[in-house]
Amino acid sequence: MRKYTPKDNVQKKSYYTDRFWVAPRVPQMSIEEGSHFADVINALGDRVLDASVQIGQLVVSINHQDNYSVLETLKDVCGYKICTELSAVDYLAQEGKFEIFYQMLNLDEALRVRVVCMIEDGLAIESTVPLFKSANFAEREMYDMFGIYVNNHPFLKRILMPDDWEGHPLLKTYPLEGDEFASWYEVDKIFGKENRDIIGPENRDPSRVDRYDTKRFSRVGHEVDFGADISQGEPETEIEYSKTLLVDYTTGSEKLDQRR
Amino acid sequence: MQVTNKLSPFFENLNFEREDNTMVINFGPQHPSAHGQLRLVLELDGELVVKALPDIGYLHRGIEKMAENMTYNEFLPTTDRLDYIASTSNNYAYALSVEKLIGLDVPRRAKVIRTMLLELNRIISHLFFVATHALDVGAMSVFLYAFREREFAMDLMEDYCGARLTHSAVRIGGVPLDLPHDWIDNLIKFCQKIPKDIKMYEDLLTENRIWKMRLEDVGTISAEEAMSWGCSGVMLRGSGVNYDIRKEEPYELYGELDFDIPVSNSCDSLGRYRLYMEEMRQSVRILEQLILMYPKTEQKLMAHAPQYISAPKEEIMTQNYALMQHFVLVTQGMRPPKGEVYIPTESPKGELGFYIKSEGEPYAYRLKCRAPSFYHTGLLQKLLIGTYIADVVTIIGTTNIVFGEVDR
């Protein structure tokens with residue numbers, strides 16, 4: 001029977017996991033009273049769903065509708081002036097949702113906060129470009145990679161992939177070598193759609209070696225002419241090593257160098 | 001709409017012919033001073049830039065996607081290809097995030113070597129910046145001199161790890177090799193030589209009339225704007241914001257080292273150029289302190305964490321259990337705990353951080369590389385408006401963007 005591979009996550013998986021193995025968790029510390037992070041939580045009020053300190057950074061979980069107001073409070077009240085990073089994580093297979101995180105930096109305290117929200121597939125998130133200009137490129141990249149639409153973004157357009165690309169590459173359902181669309185994209189561009197039958201789909205597996213391809217591959221001891229047809233068998237060629245003659249000029253004798 | 005045929009070809013800038021109209025030109029993607037594959041769509045009113053749209057993605061290789069399909073150790077050499085001017089800083093930023101995720105402590109000698117390599121990479125990268133920036137502006141001789149000195153630094157890297165550009169000189173949990181014989185002596189010679197060379201570049205550039213005319217008040221950005229656009233590194237410090245991750249959120253040995261963070265209030269390209277020069281001097285200062293630290297450390301190079309890191313080769317060859325663990329780690333890969341981590345580091349270009357989301361599998365569930373150049377490219381939309389077309393090249397140069405990490 002063919003091995004079952006889940007269709008909702010086609011990324012590489014571990015080929016073997018011990019039955020009794022339970023993954024540990026990164027410690028989630030509670031927030032100390034009177035610390036800067038406690039002030040942040042107070043300032044955010046009841047918009048905080050869950051908060052903990054993980055590896056030195058405050059992680060605040062919020063509703064996705066609150067993202068603009070929470071970032072505004074962080075910027076104006078708590079001094080988080082820089083939004084260093086913003087992106088998403090695909091949890092469609094497990095929960096049908098994306099996780100969007102905003103990585104915020106306070107320059108005076110040298111502390112960082114990560115604001116995390118879950119958003120259902122198909123819903124759009126509010127743009128934070130009016131607060132942070134850096135979100136302009138970051139939200140475009142998030143849209144490009146995950147297909148999450150951003151409301152009120154000034155220029156929501158693909159950024160890394162070509163404009164006429166189909167599919168969003170960082171989704172878990174998107175294979176590493178690309179999908180059907182990807183294999184025809186350049187063929188259509190270069191040769192035209194009408195020549196698909198002649199050209200064939202693009203080989204997007206970088207480790208594939210065609211045994212009978214004498215244009216791009218050769219084998220030591222089996223060298224043949226460029227483009228020769230070797231599907232009916234190939235000639236054996238003897239390997240030729242370069243030869244060095246050792247010359248003794250006093251006697252005028254020559255002998256082959258056989259030193260190794 | 002133009003109707004094009006063989007007799008009347010398509011004119012890109014036909015609307016320019018009409019009165020009071022702007023001209024649209026494509027800058028790149030194959031422009032030598034675009035520092036890679038940057039396409040800028042510039043809207044010009046005469047010689048003034050009215051609108052600029054950076055178009056990126058010509059070097060997109062899907063490195064974040066590859067990270068989801070590779071074990072943690074497999075992915076490490078791929079990080080070389082992000083900022084290929086200073087690849088050790090990428091290796092290090094990635095290794096540090098994984099170490100923080102699994103809570104690993106690295107032996108002191110490995111820390112000393114790593115910090116040495118990081119600072120050496122900073123010098124290599126800054127020399128590259130000075131060279132190409134000067135070449136873009138028109139100072140050819142500085143380019144030749146700076147590349148000559150960069151060669152010496154690259155020779156040191158080659159002596160240590162065998163590679164000149166894609167080093168992979170850092171491993172998760174330490175470094176693979178101790179410093180070779182004579183390496184420290186060569187480094188001392190380099191440290192003695194490079195301040196004189198920096199002096200020479202400054203003699204050639206700082207008071208140079210043309211250089212000052214080309215750089216002063218070009219590409220100005222206020223502190224408020226710089227923070228809003230997510231600038232980091234020299235772009236931020238050039239606008240008077242004193243924030244260096246090495247100082248403020250110390251990692252590795254930077255907490256123990258004595259060095260200064262140069263800050264400039266001039267907000268322009270000339271100020272940033274002077275910061276780069278000063279940072280190189282500070283790197284030399286750090287290297288000199290590290291040279292003294294090195295002999296005081298113990299031999300050990302890799303952290304002892306059998307669950308995550310293979311034992312030294314000697315133990316693998318002699319002890320059965322170490323061999324078994326090595327086999328599992330090579331065939332299956334290490335499994336960090338569930339959770340997420342974002343660790344920022346100060347790469348030569350700015351804040352380089354890796355966000356890693358782990359689900360307890362040998363493959364990262366999500367890896368996001370926070371590349372400084374990506375945000376600095378976004379800044380071009382703001383920086384270029386109102387400048388002359390001749391300054392566009394200077395401004396691209398001063399942002400010091402590398403397309404390996406912009407497109408990833």
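These numbers were taken from a predicted model, which means no experiment stands behind them.

Draft legend 1. Region of the structure containing the packing of aromatic side chains. With the rule as written, the count across this model stands at 19 aromatic pairs over all chains. On the basis of an interplanar angle of 15 degrees and a centroid distance of 3.9 Å, the ring pair of A:Phe101 and B:Tyr355 is categorised as stacked. Of this pair, A:Phe101 sits in strand β4 (residues 97–106) while B:Tyr355 sits in strand β5 (residues 350–358), on two different chains. Assigned by exposure class, A:Phe101 and B:Tyr355 land together as buried. Here the aromatic rings of A:Phe181 and A:Tyr185 are separated by 5.6 Å at their centres, their planes lie at 50 degrees, and the arrangement is tilted. With A:Phe181 and A:Tyr185 both in helix α5 (residues 180–191), this residue pair falls four residues apart, about one helical turn. By relative accessible area, which is 13% here, A:Tyr185 ends up buried. Cation over ring: B:Arg150 sits above B:Phe147, and NZ or CZ is 5.2 Å from the ring centre.

Draft legend 2. Layout of the interface of chain B and chain A. On the side of chain A, 58 residues touch chain B, which itself brings 57 residues to the contact. Interface of chain B and chain A: buried area, both sides summed, is about 4,900 Å²; carbon and sulfur atoms make up 55% of it. Summed over the shared surface of chain B and chain A, the number is eight salt bridges. When the shortest N-O distance is used, the salt bridge between A:Glu85 and B:Lys368 registers 3.4 Å. Our enumeration of links across chain B and chain A arrives at 28 residue pairs in polar contact (both at pLDDT 80 or more). Of the residues in the side of chain B that touches chain A, the class split is 25 nonpolar, twelve polar and 20 charged.

Draft legend 3. Looking closely at a nonpolar patch on the surface. All names here are of chain A. Together, Ile 190, Phe 191, Ile 198 and Ile 199 make up a nonpolar patch on the protein surface, roughly 410 Å² of accessible area in all. Looking at the nonpolar patch, the elements that each hand over two or more residues are α5 and α6 (196–199). Looking at where Ile 190 falls in the secondary structure, it is placed in helix α5.

Draft legend 4. Quick peek at helix α6 (residues 140–161) of chain B. Residue and element names in this part refer to chain B. Compared with the 32 Å implied by 1.5 Å per residue over 22 residues, the 31 Å span of α6 between its first and last C-alpha is a close match. Within α6, burial applies to Val 142, Phe 143, Ala 146, Glu 149, Arg 150, Ala 153, Met 154, Leu 156, Met 157 and Tyr 160. Around the axis of α6, the buried residues are gathered within 155 degrees of arc, so they sit on the same side. Downstream of α6 by a residue or two, Gly 162 has a phi angle that is positive, lying close to 90 degrees.

Draft legend 5. View of the pairing of strand β6 (residues 366–370) of chain B. Residue and element names in this part refer to chain B. Along β6, five of the five residues are buried, which leaves the element largely enclosed by surrounding structure. Covered by surrounding structure in β6 are Arg 366, Lys 368 and Arg 370 together with Leu 367 and Cys 369, the residues of both alternating faces. Sheet topology note: the β5/β6 ladder contains five bridges and is antiparallel. By the bridge assignment for β6, Tyr 355 is matched with Lys 368.

Draft legend 6. Expanded view of the sheet that holds strand β5 (residues 111–120) of chain A. All names here are of chain A. On the basis of which strands lie adjacent, the open sheet formed by five strands has the order β1-β2-β5-β4-β3 and mixed pairing. Each of the sheet's edge strands pairs with one partner strand only, and the pair in question is β1 (50–54) and β3 (82–91). Strand after strand, the sheet turns through a mean of 20 degrees between neighbouring axes, direction not considered. Pairing geometry for β4 and β5, over ten bridges, is antiparallel. Pairing of Phe 98 across the sheet is with Ile 119, part of β5.

Draft legend 7. Quick peek at the domain arrangement of chain A. Per the domain assignment, the segments of chain A are domain 1 (36–151) and domain 2 (175–228). Centre-to-centre separation of domain 1 of chain A and domain 2 of chain A, based on C-alpha positions: 43 Å.

Draft legend 8. Structural detail: the packing of helix α5 (residues 108–137) of chain B against helix α12 (residues 269–293) of chain B. Residue and element names in this part refer to chain B. Between α5 and α12, whose axes approach to 9 Å, the crossing angle comes to 155 degrees. In terms of axis orientation, α5 runs roughly antiparallel to α12. Between α5 and α12 lies a crossing whose hand is left-handed. On α12, the residues that touch Arg 108, Val 112, Thr 115, Met 116, Glu 119, Leu 120, Arg 122, Ile 123, His 126, Leu 127, Phe 129 and Val 130 of α5 are Tyr 273, Tyr 276, Met 277, Glu 279, Met 280, Ser 283, Val 284, Ile 286, Leu 287, Leu 290, Ile 291 and Met 293. For the contact of α5 with α12, a count of residues per class yields 17 nonpolar, three polar and four charged.

Draft legend 9. Fine view of the pattern of salt bridges. Residue and element names in this part refer to chain B. Tallied over the full model, the rule gives 45 salt bridges over all chains. With a shortest N-O distance of 3.5 Å, Lys 212 and Glu 207 are connected by a salt bridge. Among the residues examined, Glu 207 registers a relative accessible area of 59% and is labelled exposed. Across the pair Arg 237 and Glu 346 runs a salt bridge whose closest N-O atoms are separated by 3.1 Å. In this pair, Arg 237 sits in helix α10 (residues 234–237) while Glu 346 sits in strand β4 (residues 339–347), placing the two residues 109 residues apart along the sequence. Residue Arg 237 is classed as buried on the basis of its relative accessible area of 1%. A single network of salt bridges, built from pairs that share partners, joins Glu 119, Arg 122, Arg 237, Asp 244, Arg 246, Glu 279 and Glu 346.

Draft legend 10. Local environment of the packing of α6(B) against helix α7 (residues 183–205) of chain B. Residues and elements named next belong to chain B. Between α6 and α7, the least distance of the axes is 10 Å, while the angle of their chain directions is 165 degrees. Taken together, the axis directions place α6 and α7 in an arrangement best described as roughly antiparallel. Two packed elements cross with a definite hand, and for α6 against α7 that hand is left-handed. Between α6, through Val 142, Tyr 145, Ala 146, Arg 148, Glu 149, Phe 152, Ala 153, Leu 156, Asp 159 and Tyr 160, and α7, the contact on the second element is made entirely by Trp 183, Asn 186, Leu 187, Phe 190, Lys 193, Ile 194, Asp 197, Met 200, Tyr 201, Leu 204 and Leu 205.

Draft legend 11. Geometry of the sheet that holds β5(B). Residue and element names in this part refer to chain B. Spatially, β4-β5-β6 is the arrangement adopted by the three strands of the open sheet, whose pairing is antiparallel. At either end of the open sheet lies a strand with only one pairing partner, and these are β4 and β6. Strand after strand, the sheet turns through a mean of 10 degrees between neighbouring axes, direction not considered. Where β4 and β5 come together, nine bridges link them in antiparallel fashion. In the strand pairing of β5, Ser 347 is matched with Gly 350.

Draft legend 12. The nonpolar core, seen in detail. Core analysis: the biggest nonpolar cluster contains 176 residues, and A:Leu74, A:Met104, B:Tyr94, B:Met116 and B:Ile356 have the highest contact counts within it. The leading source of residues in this core is α5(B), at 15 residues. Residues within four places of B:Tyr94 in sequence aside, it is in contact with B:Tyr72, B:Phe75, B:Leu76, B:Thr79, B:Ile172, B:Phe354, B:Ile356 and B:Leu367. Judged by nonpolar contacts, the second largest core, of eight residues, contains A:Phe101, A:Val116, B:Tyr342 and B:Tyr365.

Draft legend 13. Spotlight on the environment of B:Leu329. All names here are of chain B. With respect to the helices and strands, Leu 329 occurs in helix α14 (residues 320–331). Sequence separation between Leu 329 and Gln 307 is 22 residues, and the spatial gap between their C-alpha atoms is 8.2 Å. Residues contacting Leu 329, with those up to four places away along its chain left out, are Pro 306, Gln 307, Tyr 308, Ile 309, Ser 310 and Met 334.

Cut-off values and rules
Every residue gets a number counted from 1 within its own chain, in the order that chain's sequence is written. A letter from A marks each chain and a number from 1 marks each ligand, given out in the order of writing. Residues qualify for local features only when their pLDDT is at least 70, as the model is predicted, and side-chain atom pairs are given and counted only at 80 or more; totals for whole chains, interfaces and linings, by contrast, use all residues. Water and hydrogen atoms were dropped before computing side-chain values, which therefore reflect all heavy atoms in the structure. A pair of Phe, Tyr and Trp rings is counted when the ring centres sit within 6.5 Å of each other, with Trp represented by its six-membered ring. The angle between the planes then sorts it: under 30 degrees is stacked, over 60 is edge-to-face, the rest tilted. Numbering of helices and strands runs from the N terminus; a helix is a DSSP stretch of H or I covering at least four residues, while a strand is a stretch of E covering at least two. The cut-offs for exposure are 20% and 50% of the maximum accessible area for each residue type, with area from a 1.4 Å probe on protein chains only; residues under the lower value are buried, those over the upper are exposed, and the others partly exposed. We call a charge positioned over a ring when the NZ of a Lys or the CZ of an Arg lies within 6 Å of the ring centre and within 35 degrees of the ring normal. Contact definition: two residues touch when any of their heavy atoms are within 4.5 Å. Summed over both partners, the accessible area lost on bringing two parts together, with a 1.4 Å probe, is the buried area. The term salt bridge refers to a side-chain nitrogen of Lys or Arg lying within 4 Å of a carboxyl oxygen of Asp or Glu. Any pair of N or O atoms that falls within 3.5 Å is considered a polar contact. Within protein, one atom must be able to donate a hydrogen and the other to accept it, and sequence-neighbouring residues count only if both atoms are side-chain atoms. Amino acids are sorted into nonpolar (Ala, Val, Leu, Ile, Met, Phe, Trp, Tyr, Cys and Pro), charged (Asp, Glu, Lys and Arg) and polar (every other residue, Gly among them). Residues qualify for a patch when their relative accessible area is over 30% and they have no salt bridge, like charges being joined within 9 Å and the nonpolar side chains of Val, Leu, Ile, Met, Phe, Trp and Tyr within 5 Å. The method behind every accessible area is Shrake-Rupley, applied with a 1.4 Å probe, and residues are considered shielded solely by the protein chains displayed. Between the first and last residue of a helix there are one fewer steps than residues, each counted as 1.5 Å, and that sum is the expected span. To obtain the arc, one takes the directions from the helix axis to the C-beta atoms. A pair of strands counts as paired when DSSP detects no fewer than two bridges linking them. Between the N-to-C directions of two axes lies an angle of 0 to 180 degrees, each axis being a line fitted to C-alpha atoms and, for a helix, fitted only over the stretch in contact. Throughout the structure description, domain borders are defined by an automatic or database domain assignment. Here is the rule for angles: anything less than 35 degrees is roughly parallel, anything more than 145 is roughly antiparallel, 65 through 115 is roughly perpendicular, and the remaining ranges are oblique. Whether a crossing is left-handed or right-handed is set by the direction in which the near helix is turned from the far one by less than a right angle, anticlockwise for left-handed and clockwise for right-handed. Side-chain atoms within 4.5 Å link the members of a nonpolar core, which is a set of buried Ala, Val, Leu, Ile, Met, Phe, Trp, Tyr and Cys residues.

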